[in-house]
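Topology and contacts: notes
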Amino acid sequence: KAVKPRSNQQLIDDWIQQYRPFTIQGKNASYIPALEKVNSSHLGISIIEPDGSIIKSGDWKVVFTLQSISKVISFIVACMHHGIPYVLERVDLEPTGDPFDSIIRLEMHKLGKPLNPMINAGAITVSSILPGADSKAKLDSVLLLMEKMVGKSFTYNEEVFLSEWKTANRNRALAYYLKETGYLEIEVEEALEVYLKQCSIEVTTEDIALMGLVLAQDGYHPIRKEQILPKEVARLAKSLMLTCGVYNNSGRFAAFIGIPSKTGVSGGVMAAVPPRVRQEASPLLDGCGIGIYGPAIDEYGSSVAGVFLLEKIAKTWDLSIF
Ligand code: GLN
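Because the structure is a prediction, the values reported are computed rather than measured.

Next up on the list: the domain arrangement of the chain. When its domains are assigned, the chain resolves into domain 1 (8–66 + 203–316) and domain 2 (68–199). Between the C-alpha centres of domain 1 and domain 2 there is a distance of 21 Å. Contacts between the two partners involve 34 residues from domain 1 and, on the opposite side, 30 residues from domain 2. At the level of secondary structure, the elements contributing two or more residues to the side of domain 1 that touches domain 2 comprise helix H2 (33–36), helix H10 (205–216), helix H11 (231–244), strand S7 (261–263) and strand S8 (268–273).

Right, dumping it as C-alpha cells:
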C-alpha cells in the first residue's frame, strides 16, 4: 500500500521536533540581561502564503522582541519619508564581514559613514532620521508601518528596553562616534532611545511572517490587496537583508539558504521568499513570508535551530532565489 505523502504542516511539525534539540548548541543573548532568562529550548515558526494560508508549529505563539529585525522596518520608514537618496547619503549599502556591533570600520570608511543600515552603527543613524520631532514620534513611525503591514497595533517591552538601555555601552560608543563624524544629527541619548525601543517591540512569529510576506511581494499586501510600501524600497530592503541581514554570516546564509532574511539576537528570523519564475519543486508557489523564533543564538547573533530549520525548508522546497 502506498504511503500517503506528508502534508506541509506535518513536515513542518516533524522538522520542529527534529531541530529543537539543536537549541543546545546556542546560548541566549546575555549582554541584554532580560533576554538571557527566557526559555532557550523554544523553537517556533509561522509560514504565510499570499492567499492567507498559514502553517504554524512549535512555539509560534511566544512573544519576543524584534531586536535587529527592526532595522529593516526603520530603514523602510526612513526611505519612504525622505526618499532613498537622502537616506543613502547617510548610510551605505555595503556588507562588512564584521559582527553587528563592530566599530572598527567607522574610522576606515568614507570619514565615518556607516557601511549599511543592518549593522548597529547604520541602524542608529537611520533611527535618528526617522520622521518626528522627538523620540516618541520617531518610534511611533516604526510602530505605524508595522501596524499597516500586519493589521494590528504593537508596543515595546519596557523591561527589555531598560535592560539594554542600562548596559548599552558599545551602542553608546558607536553613537558618540557617529555624532563626532556628523552622521548623527540628533542627540546621542535620543537616538539610542529610539533605536533601543524599536529593538524592544514585541512580536510573534506570525507578525514577522506577515511582514516577510509583504516584502516578498515587493511591498504589496496580497491578502488585503493593498500596496503598503513602494516596490523600489521593498527591493532595496530585501537586497540588504540578503547581503547584510546576517552580518558576517550573510555570505554563507545566501549560499546555503538563499532567502533574503533578517535575524535578531532575541532569536527571531524574518524571511521573505519571493515568487518564483520556475516552480517545479516548491509547494509554496507564489512566494511567502516565514517567521521563526528560537532564542538560543549562534556566534553571529542568529537563532541556531532557526537557521537549521530554515535551511531544511529552503533545500526541501527549493526556495533559494538563486
Ligand atoms: N538591540 C540589539 C543591539 O543593539 C540588537 C542586535 C541584534 O539583534 N543583532 O545590540
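On to unusual backbone geometry, then. Located in the positive-phi region is glutamine 67, a residue other than glycine, with phi close to 45°. Non-glycine residue aspartate 318 carries a positive phi angle of around 55°. Within the secondary structure, aspartate 318 sits in the segment after helix H13 (304–316). Residue aspartate 318 is classed as partly exposed on the basis of its C-beta count, with 15 C-beta atoms lying within 10 Å.

Turning next to the site of the ligand. The ligand sits among Gln67, Ser68, Phe100, Asp101, Asn120, Glu164, Asn171, Cys199, Gly264, Val265 and Gly301. The residue inventory of the shell around the ligand, partitioned by class, reads three nonpolar, six polar and two charged. Split by domain, the shell around the ligand shows at least three residues from each of two domains, domain 1 (8–66 + 203–316) and domain 2 (68–199).

Here we come to the packing of helix H5 (residues 120–128) against helix H8 (residues 169–181). At their nearest, the axes of H5 and H8 sit 10 Å apart, and the two run at 65° to each other. The interaxial crossing formed by H5 with H8 has right-handed handedness. From H5, Asn120, Ala121, Ile124 and Thr125 reach across to H8, where they touch Asn171, Leu174, Ala175 and Leu178. Of the residues contributing to the contact of H5 with H8, the split by class is five nonpolar, three polar and no charged.

Reading the values: the criteria
Residues numbered from 1 in each chain as written. Predicted model: local features only at pLDDT ≥ 70, side-chain atom pairs only at ≥ 80, totals over all residues. Domains from an automatic or database assignment. Contact = placed C-beta atoms within 7 Å. Helix = DSSP H or I, 4+ residues; strand = E, 2+ residues; numbered from the N terminus. Buried ≥ 20, exposed ≤ 12 C-beta atoms within 10 Å, placed from the backbone. Near = placed C-beta within 6 Å. Nonpolar A, V, L, I, M, F, W, Y, C, P; charged D, E, K, R; others polar. Axes fitted to C-alpha atoms, helices over the stretch in contact; angles between N-to-C directions. Left-handed = near helix turned anticlockwise from the far one by under 90°.

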